[in-house]
Amino acid sequence: MRTVHTITQLRAELVPARRDGRSIGLVPTMGAFHDGHLSLMRAAREACDVVVVSLFVNPTQFNDPRDLELYPRDQRRDGELAAERGVDLLFTPEPGELYPAGFATTISVSGVTGELEGRHRGRSHFEGVATVVAKLLNIAGPDVAFFGQKDAQQAVVIRRMVADLDLPVEIRTCPTVRAADGLALSSRNVLLTNAQRAQATCLYGALRAVAAAVDGGEHDPQTALAAGRMELEQAGIEPEYLALVAADTLVPVAAVEGDLLVLVAAPVGATRLIDNLPIRAPRLGRSHADPEVATLSRAPTR
Ligand code: AMP
């Protein structure tokens, strides 16, 4: 694995791959690697000839300066883990490399950024994310870029940007990697005390409670969400949001049906955590007499 710090170096390293028609995979990260990051590297390694990982704690997406200051950093360990996972190139630019003096352009994706993280972290958060990801895509020119379902709204925002700007890259979203007790892995988890770490499992508990209500046939989103809110309350956690939305548009649903996402954000002590769970609910207004549903429950009759 080669570690490069400048845009010129990274582009030069990728010239032979591009010339030979080898596929390039990009995994954008902010470092402090855990198994979630490593799963994206594994997916990239399986799908692409050349794997590039970017490690950049992007200051423009932090709405809270203290969060940026406390964000865990361990570049040496990250380098070792990436090398073990067969990464070819680790791109670790300084802020001045990506945002030189005079930098004045921002990419703003509207619609899907308005609620959830966009509302709670402010407009600048997804502007920071979209702008840095657009830059990384332009710098590395990957065929495929890999993102985690853990940051579900981020993945939707990036897909929107890539579609709207006709960026020639395929976006793949990989499943959320969790600890044995269900807590979604996050670089921020190291900031939790033991007691907070135990308390934090209620986020996944809340998502599961909402999913269980939906599985149990609940059609009313508010009733399904109430089951999740109870889990959080019992653990003494006050969420910033717990929402049930359409998976593609992130718009809250009036009825529980189709491809949905239940999302949660909550502070656990001083650490803000997010998580989500995709849920597939049956379409309403279809009885078992419907041919599409009936075929699932009937043995072939020939
Ligand atoms: P970050 O370093 O937090 O910006 O994350 C880099 C990438 O890893 C993003 O695409 C995240 O969605 C993804 N990621 C973070 N945590 C997980 C996880 N637990 N499972 C899967 N992907 C993750």
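Treat the numbers as computed from the prediction; the structure is a model and nothing was measured.

Novice: Mind showing me how you'd approach the confidence of the model for the protein here?
Specialist: Note: predicted coordinates in regions of low pLDDT should not be interpreted at a detailed level. Summing up the model confidence of the protein, the mean pLDDT is 94 and the portion of residues at 70 or higher is 94%. Below pLDDT 50 for its whole length, residues 287–302 participates in six contacts with residues either more than four positions away or in separate chains.

Novice: Would you take a moment to explain the pattern of salt bridges for this structure?
Specialist: If charged atoms from side chains of opposite charge come close, those side chains can pair. This structure, assessed with the given rule, holds 16 salt bridges. Note that Arg2 is salt-bridged to Glu13, the shortest N-O span being 2.7 Å. In this pair, Arg2 is assigned in strand 1 (residues 2–4) and Glu13 in helix 1 (residues 7–19), connecting sequence segments 11 residues apart. Across the salt bridge formed by Asp275 and Arg178, the nearest N and O atoms sit 2.8 Å from each other. Of this pair, Asp275 sits in strand 9 (residues 271–281) while Arg178 sits in the loop between strand 6 (170–174) and helix 9 (194–199), and the two are 97 residues apart along the sequence. According to the relative accessible area criterion, Asp275 is buried, its value standing at 3%.

Novice: Help me out: how do you make sense of the sheet that holds strand 8 (residues 258–268) in this one?
Specialist: Pairing between the strands of a sheet comes from backbone hydrogen bonds, and it takes one of two forms, parallel or antiparallel. One open sheet accounts for three strands, arranged 7-8-9; its pairing is antiparallel. On the outer flanks of this sheet lie strand 7 (241–246) and strand 9, each paired with one strand and no other. Each strand of the sheet is rotated relative to its neighbour by a mean of 15 degrees, with strand direction disregarded. In this structure, strand 8 lies alongside strand 9, joined through 11 bridges in antiparallel fashion. Bridging from a neighbouring strand, Val264 pairs with Asp275 of strand 9. Sheet strands in contact with helix 10 (residues 201–215) are strand 7, strand 8 and strand 9, and its direction is about 20 degrees off that of strand 9.

Novice: Mind showing me how you'd approach the sheet that holds strand 2 (residues 24–29) here?
Specialist: The strand order across the open sheet formed by six strands is 1-4-3-2-5-6, and the pairing between neighbours is parallel. Where the open sheet ends on each side, the last strands, each with one partner, are strand 1 and strand 6. Adjacent strand axes in the sheet meet at a mean angle of 25 degrees, parallel and antiparallel pairs treated alike. Note: strand 5 (residues 144–148) against strand 6, five bridges, orientation parallel. Bridge pairing in strand 6 links Gly148 to Cys174. Each of strand 2, strand 3 (50–55), strand 4 (89–91) and strand 5 is contacted by helix 7 (residues 123–140), which is oriented at about 150 degrees to strand 2, the strand it contacts most.

Criteria and thresholds
- Residues numbered from 1 in each chain as written.
- Predicted model: local features only at pLDDT ≥ 70, side-chain atom pairs only at ≥ 80, totals over all residues.
- Heavy atoms only, no water.
- pLDDT = per-residue confidence, 0-100.
- Contact = heavy atoms within 4.5 Å.
- Salt bridge = Lys/Arg side-chain N within 4 Å of Asp/Glu carboxyl O.
- Helix = DSSP H or I, 4+ residues; strand = E, 2+ residues; numbered from the N terminus.
- Buried < 20%, exposed > 50% of the residue type's maximum accessible area, 1.4 Å probe, protein only.
- Pairing = 2+ DSSP bridges.
- Axes fitted to C-alpha atoms, helices over the stretch in contact; angles between N-to-C directions.

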